[in-house]
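# Overview (structure and organization)
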Amino acid sequence: MIDYAAEIKELKQKKNAVFLAHNYQMEEVQLIADYLGDSLELSRMAQKADKDIIVFAGVKFMAETAKILYPGKKVLLPRLDAGCPMADMISVDELQALKDAHKNAKVVTYINSSVEIKAMSDACCTSSNAVRVVKNIEAEEVIFVPDRNLGSYVQRMVPEKKLILFEGYCFVHNRIKREEIEEMKKMFPDAPVIVHPEVRSEIIDMADEVLSTSGMLQYATQSDAKRFIVATEQGLIDRMKRENPGKEFYPALRPKICVNMKRTSLRDVYDSLNEEKYEIHVEPEIAQRAVKALNEMLKYI
Ligand code: 13P
Ligand code: SF4
């Protein structure tokens, strides 16, 4: 049997490559990543690592972001079918219609979006800096796309601005129900409820903390609490358990899984490095416009 972890290690050295993985990846993938993190951390790690090749175990928009930010590097996505459905929910025409209807508004786009939508935006943001990006952008009206849940959370935190929202959502987080959290709270009344801002407003209402994936991990590690109810994808909960052996972590009743994040196996990572596939390309004219919005995002780290 092939020892993929050992083979990947050898190939990384031979090809001067770095292996980045998102917090929602399968455990076998998380365990051998050079850097494991949330979207914002991974956008920056690609640069810090200073390698010729970036292998990105995540979803397509993450690899595209790395390519736009670091065009001189070869960026590989092990599975071309690892997409984020939310990123494809808004079209160029729909965003243009919003811009036409709100001429004085600036556009803040969640990083979970296509390159074309990023290229039409004034700034991008991730779950960890969305509030700060919107607060600081020079406009009273902000078109926020594509996630309506993250957008309405930002609106709550930035009441002085008017946000115009789109109807996009994450099918994993949007599925989490109020009754599930209530059930968990009955079982573990002392456990803080920590949630990702892609959940619906009624879940935000019940949260003790609203944080990005890495923000949740950091909070749990530093907190004195011994058990936590965690409303997000299961991959992060697995990481929390692994890195905090004395503490307990529970999902919102049943594990929530992002099938796209789970597509990448160790074998896929090995094939990706070995055959240098699938290389991500972004049309230079689009990349040139999108990088401005991404650089705005990187001001708030
Ligand atoms: P983070 O940036 O918080 O890791 O979130 C990415 C994501 O896709 C959440 O569903
Ligand atoms: Fe997209 Fe949701 Fe999966 Fe994150 S968890 S990659 S937002 S579908």
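Residues numbered from 1 in each chain as written. Chains lettered and ligands numbered in written order. Predicted model: local features only at pLDDT ≥ 70, side-chain atom pairs only at ≥ 80, totals over all residues. Heavy atoms only, no water.

## A short note on the sheet that holds strand β3 (residues 53–57)
What counts here: In this analysis, strands are considered paired if DSSP registers two or more bridges between them. Labels follow the DSSP assignment, with helices taken as runs of H or I lasting at least four residues and strands as runs of E lasting at least two, numbered in each case from the N terminus. To obtain an axis, a line is fitted to C-alpha atoms, over the contacting stretch when the element is a helix, and the angle between two such axes runs from 0 to 180 degrees between their N-to-C directions.
Judged by pairing direction, the sheet is parallel, and its 4 strands sit side by side in the order β2-β1-β3-β4 without closing on themselves. The open sheet has two edge strands, β2 (35–37) and β4 (74–76), and neither has a second partner. Sheet twist, expressed as the mean angle between neighbouring strand axes with direction ignored, is 20°. Sheet topology note: the β3/β4 ladder contains 3 bridges and is parallel. Along β4, the bridge assignment pairs Ile 54 with Val 75.

## Considerations on the site of ligand 1
Rules: We call a residue near a molecule or strand whenever a single non-hydrogen atom of that residue lies within 4 Å of it. Between N or O atoms, a polar contact is any pair within 3.5 Å; within protein, one atom must be a potential hydrogen donor and the other a potential acceptor, and residues adjacent in sequence are included only when both atoms are from side chains. Residue-level accessible areas treat just the shown protein chains as cover; the underlying method is Shrake-Rupley with a 1.4 Å probe. Note on residue categories: nonpolar means Ala, Val, Leu, Ile, Met, Phe, Trp, Tyr, Cys or Pro, charged means Asp, Glu, Lys or Arg, and polar means any other residue, Gly included.
The environment of ligand 1 is made up of His 22, Tyr 24, Asp 38, Ser 39, Asn 112, Ser 127, His 173, His 196, Glu 198, Ser 212 and Thr 213. Separating an oxygen atom of ligand 1 from a side-chain N or O atom of Ser 127 is a distance of 2.7 Å. Within the side chain of Thr 213, one N or O atom sits 2.6 Å away from an oxygen atom of ligand 1. In the complex, the protein chains occlude 95% of the 300 Å² of accessible area that ligand 1 would expose alone. A per-class count over the shell around ligand 1 returns 1 nonpolar, 8 polar and 2 charged.

## Observations concerning the sheet that holds strand β6 (residues 123–125)
Stated precisely, the cut-off is as follows: Contacts are assigned to residue pairs with any non-hydrogen atoms lying within 4.5 Å of each other.
On the basis of which strands lie adjacent, the open sheet formed by 4 strands has the order β6-β5-β7-β8 and parallel pairing. Each edge of the open sheet is held by one strand with a lone partner, namely β6 and β8 (162–165). Between one strand and the next, the sheet's axes are offset by a mean angle of 30°, whatever the strand orientation. Seen against the sheet, helix α5 (residues 92–101) touches β5 (106–110), β7 (141–145) and β8 and runs at an angle of roughly 170° to β7.

## Section: the pairing of β3
Applied cut-off: Each residue is assigned to one of three classes by its accessible area relative to the maximum for its type, calculated with a 1.4 Å probe on protein chains only: buried under 20%, partly exposed between the two thresholds, exposed over 50%.
Counting buried positions over the 5 residues of β3 gives 5, a clear majority of the element. Burial along β3 is two-sided: the residues Ile 53, Val 55 and Ala 57 and Ile 54 and Phe 56 are all buried. Of the pairings in the sheet, the one linking strand β1 (residues 17–22) to β3 comprises 5 bridges and is parallel in character. Counted as the bridge partner of Ala 21 is Ala 57 from β3.

## Focus: the packing of helix α4 (residues 60–69) against helix α14 (residues 284–297)
Test applied: Oblique is the label for any angle not covered by the other classes, which are roughly parallel (under 35 degrees), roughly antiparallel (over 145) and roughly perpendicular (65 to 115).
Running from amino to carboxyl end, α4 crosses α14 at an angle of 100°, the nearest separation of the two axes being 9 Å. It follows that α4 is roughly perpendicular to α14 by the angle criterion. The segment α4 lies against α14, with Thr 65, Ile 68 and Leu 69 engaging Ala 287, Ala 290, Val 291, Leu 294 and Asn 295.

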